[in-house]
Amino acid sequence: MLKNEIEQGTGRRKADLVLKNGRFVNVFTGEVTAADIAVCGGKIVGFGAYEGEEEIDISGKIVLPGYIDAHVHIESSQLTPEEFSKLVLPRGTTTVIADPHEIINVCGIEGARYIAEASAGTPLEVHVMLPSCVPATPFETSGAVITGEDTEKYIREDFVFGLGEFMNYPGVVNTDADVLKKLQAAIDAGKVIDGHAPSTGGRELNGYIAAAIRTDHECATPEEAREKVSKGMYVHLREGSATRNAALNSQAVDANNMRRFLFCTDDRHAADLVANGHLDNALRVAVRSGLDPVRAVTIATLNAAECYGLPYKGAVAPAYDADLVVVDDLQNFNAKLVVKAGKVVAKEGKPLFTCKKYIPDAVKNTVKIKPVSADDFKIALKGARANVMRIVKGGVVTEKVVREVKSANGDVRLKGTDLLKLAIVERHHRTGNIGKALLEGYGLKGGAIALTISHDSHNIVVLGDDNEDMAAAVAELERIGGGMAVIDKKKAYSYPLDIAGLMSSASAEEFVGASEALLERAYAMGVSRDYEAFMSLSFLGLAVIPELKLTDRGLFDVTKFSFIDIDAE
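Just so it is clear, the model here is predicted, and its values are computed rather than measured.

Engineer: Which residues make up the overall build of the chain, and what are the values?
Structural biologist: Each helix and strand in the chain was counted, giving 16 helices and 30 strands. In terms of C-alpha radius of gyration, the chain reaches 24 Å, essentially the compact-globule figure of 25 Å for 569 residues. On the principal axes, the C-alpha backbone points of the chain span a range of 90 × 50 × 45 Å. Per-residue burial over the chain gives 62% buried out of 569 residues. Total accessible area on the chain stands at roughly 20500 Å², and carbon and sulfur atoms take up 48% of it. Both charge centroids of the chain, one from 64 positive and one from 79 negative side chains, sit 2 Å from each other.

What follows is the structure, given as structure tokens:
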């Protein structure tokens, strides 16, 4: 093979494949240059004037390195890895750094193995991280626990690429013993460690980075991004479904620091992938916000390859992997042709490959709850003032507010208010735990919505203004083995997520159609279109994102990292 690569690179033999008459982005020089691209097997062997055994005319188009999503939870697409690959490869993403944090919280290490093994049957290159915080905090009940000792064992397995986002940033800076054991295991194994440290700066940030944590995707402002970059971190420009900061934080990018930024999608729903794309969408958003297109391409490719130690990826140059995307221009980034490992895998937005789905028993039948009744959703206040979660438009952040709340017969009265009941029902061990809170700003009226996705322990989250409807929604999720449910006028509408209660084994087309129908029903019930009705709800239990969150054990103040009473002082 090496002899062939040299001979084809020198032009003494025709290349296996040549992309003819186009231009390409040189991420090393920042230039856009007219040239043919020659490929031998799975490698680029040259650019210039070439002849090939197979030639594809790309006149008027531009060749880019295949995009690298630097942090993604494949499970958040609610699709299998096979279906996920069929959506993102045709958009130009050829490699992802996958953190199976969601499924491992439900199924343990077998969930991570499932993501790795199912992905291996696709052309998409998937590097699987070992989740670092399972559960994300000690304040919730997850389906599994990954300790420091477990990390020492699993981090050296062949399918594990690195240590996933370290969300327990207080545990890092306060040198928690089990946290240190996990970090040291990754350091000793020579594997990359991803970060997650929202609103962390100054000396606390110094201490966090001192633990060899390399990246962060939680910057709320360009100023926060600049500080983290100035201290040697790589910062992800994130463009997910519920969390989007690529436009804002691209303002932090300049000529001096642009090599320390990456793109990621983090959590991106199937319908969003179908309608708007993947990293191609992130590129569009960033460029339209003023980021130089060639810098944007470099961030999406070479930067990620270097950050994660992926040699010979992220550039169009001799000896580099032939992972390529041919686009119409550097504003719209519409993928016309995608090449992975030297083979054409997608054309005009359509995959040219098929995959046989792999679904082991270890990720099935995961909803295990005690029976619930309407009375379980009563909220008895001691007084007339309550600590309330107020959802902030456009993100996963909530605010803590105090509201006057009326009560009668041992329960709050919601009529005439913008308040709803929110509950988290433990679904892994039949503990019977139910955390309850009041939520402001979601807009639902006359029913309930529920799902088995609730970051990050993925218990059941249910929202409503009627106790019977909330109980019915939970019972419906148990009946279908996990998924999404709406109770509207006492009638149940649902769709199963039969893999860990997180993902559907159906095709992307079928799932998107069914989930969109449920979304529209939720919106018709008054849910504000400022939110993705189900996806935004799924983040209200994430007790590492400020300010007030709910777990199966109660109302949690993230700023104080402690539980608080629903009764306000």
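Here the narrative resumes.
Engineer: Residues and numbers for the sheet that holds strand 29 (residues 554-557), please.
Structural biologist: With antiparallel pairing, the three strands of this open sheet are ordered in space as 28-29-30. A strand with exactly one partner marks an edge of an open sheet, and here the two such strands are strand 28 (548-551) and strand 30 (562-563). Taken together, the four bridges between strand 28 and strand 29 define a ladder with antiparallel strand orientation. Bridge pairing links Leu550 to Leu555 in strand 29.

Engineer: A description of the nonpolar core should follow, citing residues and the corresponding values.
Structural biologist: Counting residues in each nonpolar core, the largest one holds 132 residues, and the members touching the most others are Leu64, Ile103, Phe263, Leu438 and Tyr442. With seven residues, helix 16 (residues 508-524) is the largest single contributor of residues to this core. In contact with Leu64, not counting residues within four places along its chain, are Val25, Val297, Val316, Asp323, Leu324, Val325, Val327, Leu330 and Phe333. Counting residues in each nonpolar core, the second largest holds 40 residues, with Ile104, Leu205, Ile209 and Met233 among its members.

Engineer: Could you give an account of the environment of Glu520, naming the residues involved and the relevant values?
Structural biologist: The residue Glu520 is located in helix 16 in this model. Sequence-wise, Glu520 and Ala533 are 13 residues apart; in three dimensions their C-alpha atoms are separated by 8.9 Å.

Engineer: For the sheet that holds strand 6 (residues 67-72), give the residues involved together with the corresponding values.
Structural biologist: Read from one edge to the other, the open sheet built from five strands follows the order 6-7-8-9-10, with strand pairing classed as parallel. The open sheet has two free edges, formed respectively by strand 6 and strand 10 (192-195), since each of these has just one partner strand. Sheet twist, expressed as the average angle between the axes of neighbouring strands with direction ignored, equals 30 degrees. Direction of pairing for strand 6 relative to strand 7 (residues 93-98): parallel, over a ladder of four bridges. Residue Val72 lies in a different strand from strand 7, and its bridge partner there is Ala98. Where helix 7 (residues 177-188) meets the sheet, it contacts strand 9 (160-166) and strand 10, and its direction lies at approximately 145 degrees from that of strand 9.

The rules behind the values
Residues numbered from 1 in each chain as written. Predicted model: local features only at pLDDT ≥ 70, side-chain atom pairs only at ≥ 80, totals over all residues. Heavy atoms only, no water. Helix = DSSP H or I, 4+ residues; strand = E, 2+ residues; numbered from the N terminus. Rg over C-alpha atoms; globule rule 2.2 N^0.38 Å. Buried < 20%, exposed > 50% of the residue type's maximum accessible area, 1.4 Å probe, protein only. Areas by Shrake-Rupley, 256 points an atom, 1.4 Å probe, with all protein chains shown as cover. Lys, Arg positive; Asp, Glu negative; His and termini not counted. Charge placed at Lys NZ, Arg CZ, Asp CG, Glu CD. Pairing = 2+ DSSP bridges. Core = buried A, V, L, I, M, F, W, Y, C linked by side-chain atoms within 4.5 Å. Contact = heavy atoms within 4.5 Å. Axes fitted to C-alpha atoms, helices over the stretch in contact; angles between N-to-C directions.

Worth remembering: the numbers are spatial, not functional.
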